[in-house]
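The primary structure of each chain is shown beneath.
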Amino acid sequence: MIKVEFFRRHGLLEGFEAKGHSMTAPKGEDILCAFVSSACLMAANTVTEVVKAKASARAEDGYLKLSIKDGAKSAQDILNGLLLHLTELQKDYPANINVIITEV
C-alpha cells in the first residue's frame, strides 16, 4: 500500500512523506504507483525549483519526503492541490493508497 502523510501546523501544510508501493501490478508496470510518484515529484519540484520555497526533498525507490521550512505560504496551493488529488485517487483505490493528515 502507498501511504502519503501530510504534515500540518497551525493550518499550514509543512510537507509530506510518501512511501510504499500500490502492488496493483509488477514493478515497472504499476500504473497507480507511477501516477502517485509523478504527482508527488511534480509537487516537490514545483515547490523547490519553481516557487523556490525554503524546503528540502529526499527521494529513493518507493519513498519521497518534502519538508517546507516555516510553512512557506507560497507552497500552500501546490500542497493543497496534491492533497486533493491524492485524496480523490484514494476514493478509487482505497485498498492501495492511504492519505492522512498529521497535526505537528
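Above this note sits the structure.
Given the structure is predicted, the values throughout are model-derived calculations rather than measurements. (Residues numbered from 1 in each chain as written. Predicted model: local features only at pLDDT ≥ 70, side-chain atom pairs only at ≥ 80, totals over all residues. Heavy atoms only, no water.)

**Q** Hey, could you run me through the overall build of the protein chain in this one?
**A** Of the regular secondary structure elements, the protein chain holds 2 helices and 5 strands. The globule rule puts the C-alpha radius of gyration for 104 residues at 13 Å, and the 13 Å found for the protein chain is close to it. Here the protein chain holds 104 residues, and the buried ones make up 39% of them. A fraction of 55% describes how many contacts in the protein chain between residues 6 or more apart in sequence connect residues 24 or more apart. Within the structure as shown, the protein chain displays about 6,000 Å² of accessible surface, and the carbon and sulfur contribution to it stands at 55%. Averaged over its 12 positive side-chain charges, the protein chain has a centre that lies 7 Å from the centre of its 13 negative ones. (Helix = DSSP H or I, 4+ residues; strand = E, 2+ residues; numbered from the N terminus. Rg over C-alpha atoms; globule rule 2.2 N^0.38 Å. Buried < 20%, exposed > 50% of the residue type's maximum accessible area, 1.4 Å probe, protein only. Contact = heavy atoms within 4.5 Å. Areas by Shrake-Rupley, 256 points an atom, 1.4 Å probe, with all protein chains shown as cover. Lys, Arg positive; Asp, Glu negative; His and termini not counted. Charge placed at Lys NZ, Arg CZ, Asp CG, Glu CD.)

**Q** How do you make sense of the side chain of Asn 96 when you look at a structure like this?
**A** Topologically, Asn 96 is positioned in the loop between α2 (76-92) and β5 (97-103). Within the local environment of Asn 96, its side chain forms a polar contact with the backbone oxygen of Ser 22, the two atoms lying 2.9 Å apart. Apart from residues no more than four positions distant in its own chain, Asn 96 is found in contact with Met 1, Ile 2, Ser 22, Thr 24 and Leu 32. (Polar contact = N/O pair within 3.5 Å; in protein donor to acceptor, adjacent residues only side chain to side chain.)

**Q** How should the sheet that holds strand β1 (residues 2-9) be read in this particular structure?
**A** The 5 strands are arranged β3-β4-β2-β1-β5 in an open sheet whose pairing can be described as mixed. A single partner strand is all that each edge strand has here, and the edge strands are β3 (55-60) and β5. Ignoring strand direction, the axes of neighbouring strands in this sheet form an average angle of 15°. Bridging between β1 and strand β2 (residues 12-19) involves 7 bridges; their strand directions are antiparallel. In the strand pairing of β2, Arg 8 is matched with Leu 13. Of the strands in this sheet, β1, β2, β3, β4 (63-68) and β5 are in contact with helix α1 (residues 31-50), which crosses β4 at around 25°. In the packing of α2 onto the sheet, the strands contacted are β1, β2, β4 and β5, and the crossing angle to β5 comes to about 140°. (Pairing = 2+ DSSP bridges. Axes fitted to C-alpha atoms, helices over the stretch in contact; angles between N-to-C directions.)

**Q** Is there a simple way to explain the state of the cysteines in this structure?
**A** Here is the idea: a disulfide is a covalent bond, and it sits between the sulfur atoms of two cysteines. All chains considered together, the criterion is met by 0 disulfides. Left without a disulfide partner, Cys 33 is nearest to the cysteine sulfur of Cys 40, which lies 10 Å away. Residue classification places Cys 33 among the buried positions, given a relative accessible area of 11%. (Disulfide = S-S within 2.5 Å.)

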